[in-house]
Amino acid sequence: MIQTFKANNLNERLDVFLTRMRPDFSRAHIQRLIAEGCVLVGGVLRKGNFRLKLEDEVSLEVPDAKNVEILPENIPLDILYEDNDIIVINKARGMVVHPAAGISSGTLVNALLYHCRDLSGINGEIRPGIVHRLDKDTSGVMVAAKNDKAHISLAKQIQDKTAHRTYIAIVWNNIKEEAGIIRGDIGRHPTDRKKMAIVQDNGKPAVTHFKVLERFGDCTLVECRLETGRTHQIRVHMTHIGHPLVGDPKYGAARHGKIKGNFAIQGQALHSVSLELTHPTTGERMKFTSPIPDDMEKILNKLRNK
């Protein structure tokens, strides 16, 4: 696939410009593509530090993803529901959803391939059946599609906001409001490409509804409902309003010191507690729930007994 862009900032570095144009790519990835000859400026190969002139035409050729053999693995799954079309899982904290760079085994996809044999192929060989995902250190309910018809239906429900995803989180500090709505476009962090952030340019619209369930002074238990599903959305939005998630190593540690020393949890205290959807074949409205995991329950008990 070839994309063409017009330079809009005088003297901007080529690699910086393309990172702005493709926020889904890291700067290192862009630099690799430049080094591999996938980028032209006015039809000419240039280095990453080349300074662009206004209206320079930049073409970027993104090579097709290489096929990776993903092997089935006999990994135990907590299955909440299963039929010929869908499988609903209570994902454990610490499990990666699908293979990625440097990760080809031990994922939910490896486990699903062993258990189901057949999954939808819409997302390709690396992410078969995956309609939506949870971060590695987020636990709870998620659904996978066993065939393309189910995949298309579920994806449309998420896009149309007729599938409802609800989370619970333990966040730092006392939230004064009883409930609220957080709005802010989310894109790659301008300086740390491994993080997401609320950005002014090249972000995607994101909306999170929150409701306070319980207050503990230093911390608050909240329910979050996603209107959109951006990468790290709840983590970014709650941090933006001054309430990063307990245990979050990426968005919470800098502000609150050694979080793992305060509470014994591996990753952020975030759990997908319920998922409501319409069955792709029967049209039945279905709701799946998952109880609060033990690691979050221990934190809540500690806060309540403080």
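Going by the structure above, here's the rest.
Every value quoted in this text rests on a predicted model; they were computed, and no experiment measured them.

Engineer: What should I look at first to understand the overall build of the protein in this one?
Structural biologist: Of the regular secondary structure elements, the protein holds 8 helices and 15 strands. The C-alpha atoms of the protein give a radius of gyration of 21 Å, which matches the 19 Å a tight globule of 306 residues would have. Seen through its principal axes, the protein has C-alpha atoms that stretch 65 × 45 × 35 Å. Burial statistics for the protein: of 306 residues in total, 47% are counted as buried. Nonlocal contacts in the protein, meaning residues at least 24 apart in sequence, comprise 64% of its contacts between residues at least 6 apart. Accessible area for the protein stands at about 15700 Å²; split by element, carbon and sulfur atoms hold 49% of it. When the 44 basic and 36 acidic side-chain charges of the protein are each reduced to a single mean position, those positions are 6 Å apart.

Engineer: What's the story with the environment of Ser105 in this structure? I'm lost.
Structural biologist: Summarising the element assignment, Ser105 is placed in the loop between strand S6 (86-91) and helix H3 (108-116). The class for Ser105 is partly exposed, based on a relative accessible area of 45%. Taking the C-alpha atoms as reference, Ser105 lies 7.8 Å from Glu73; in sequence the two are 32 residues apart. Among residues more than four places away in sequence, those in contact with Ser105 are Glu73 and Asn110.

Engineer: Can you walk me through the nonpolar core in this structure?
Structural biologist: The tendency in soluble globular proteins is for nonpolar side chains to be buried as a group. Among the nonpolar cores identified, the biggest contains 29 residues, and Leu112, Ile234 and Met238 are the most heavily contacted of them. Those elements giving two or more residues to this core turn out to be S6, H3, strand S7 (139-145), strand S8 (164-172), strand S12 (207-215), strand S13 (219-226) and helix H5 (233-240). A per-element tally of this core places H3 first, with 5 residues. Ignoring anything within four residues of it in the chain, the contact list for Leu112 reads Leu77, Ile87, Ile89, Arg117, Leu119, Ile130 and Ala144.

Engineer: Explain helix H2 (residues 27-35) to me, please; I cannot follow it from the model alone.
Structural biologist: Every α-helix winds through 3.6 residues per turn, so residues three or four apart in the chain are directed the same way. Among all positions of H2, only Ile30, Leu33 and Ile34 are buried. Across the axial projection of H2, the buried residues extend over an arc of 100°, all falling on one side. On its buried face, H2 sits against helix H1 (14-21), strand S2 (39-41) and strand S4 (57-61). Gly37 lies just past H2 and shows a positive phi near 80°.

Engineer: Looking at this model, I keep getting lost on the pattern of salt bridges. Mind explaining?
Structural biologist: Note that side chains of opposite charge can pair when their charged atoms are close. All told, the structure shown has 13 salt bridges when counted by the stated rule. Note that Lys156 is salt-bridged to Asp160, the shortest N-O span being 2.6 Å. With Lys156 and Asp160 both in helix H4 (residues 148-160) and 4 residues apart, the pair spans about one turn of that helix. One salt bridge in this structure joins Lys211 and Glu223, with 3.9 Å as the shortest N-O distance.

Engineer: Can you walk me through the pairing of S7 in this structure?
Structural biologist: A regular strand places its side chains so that they alternate between the two faces of the sheet. Counting buried positions along S7 gives 7 out of 7 residues, so the element sits mostly inside the fold. Pairing analysis gives 6 bridges linking S6 to S7, with the strands arranged antiparallel. What sits directly across from Ile89, in S7, is Met142. Note: S7 against strand S14 (residues 270-278), 2 bridges, orientation parallel. Paired with Gly140 across the strands is Ser272, a residue of S14.

Engineer: Explanation requested: the packing of aromatic side chains in the structure shown.
Structural biologist: What describes a pair of aromatic rings is the distance from one ring centre to the other and the angle between the planes of the rings. Under the defined criterion, the tally for this structure stands at 2 aromatic pairs. Measuring from centroid to centroid gives 6.4 Å for Phe5 and Phe17, while their planes differ by 85°, and the two rings are edge-to-face. Linking Phe5 in strand S1 (residues 2-6) with Phe17 in helix H1, this pair joins segments that are 12 residues apart in sequence. Note on accessibility: Phe5 and Phe17 belong to one class, buried. Summarising the aromatic geometry, the rings of Tyr81 and Phe288 are spaced 5.5 Å apart at their centres and angled 40° between planes, so their arrangement reads as tilted. Of the two residues, Tyr81 is situated in strand S5 (residues 79-82) and Phe288 in strand S15 (residues 285-289); the sequence distance between them amounts to 207 residues. Relative accessible area serves as the criterion here: at 26%, Tyr81 is assigned to the partly exposed category. Assessed through its relative accessible area of 8%, Phe288 is described here as buried.

Rules of the game
Residues numbered from 1 in each chain as written. Predicted model: local features only at pLDDT ≥ 70, side-chain atom pairs only at ≥ 80, totals over all residues. Heavy atoms only, no water. Helix = DSSP H or I, 4+ residues; strand = E, 2+ residues; numbered from the N terminus. Rg over C-alpha atoms; globule rule 2.2 N^0.38 Å. Buried < 20%, exposed > 50% of the residue type's maximum accessible area, 1.4 Å probe, protein only. Contact = heavy atoms within 4.5 Å. Areas by Shrake-Rupley, 256 points an atom, 1.4 Å probe, with all protein chains shown as cover. Lys, Arg positive; Asp, Glu negative; His and termini not counted. Charge placed at Lys NZ, Arg CZ, Asp CG, Glu CD. Core = buried A, V, L, I, M, F, W, Y, C linked by side-chain atoms within 4.5 Å. Arc of directions from axis to C-beta. Salt bridge = Lys/Arg side-chain N within 4 Å of Asp/Glu carboxyl O. Pairing = 2+ DSSP bridges. Phe/Tyr/Trp six-rings, centres within 6.5 Å; stacked < 30°, edge-to-face > 60°.

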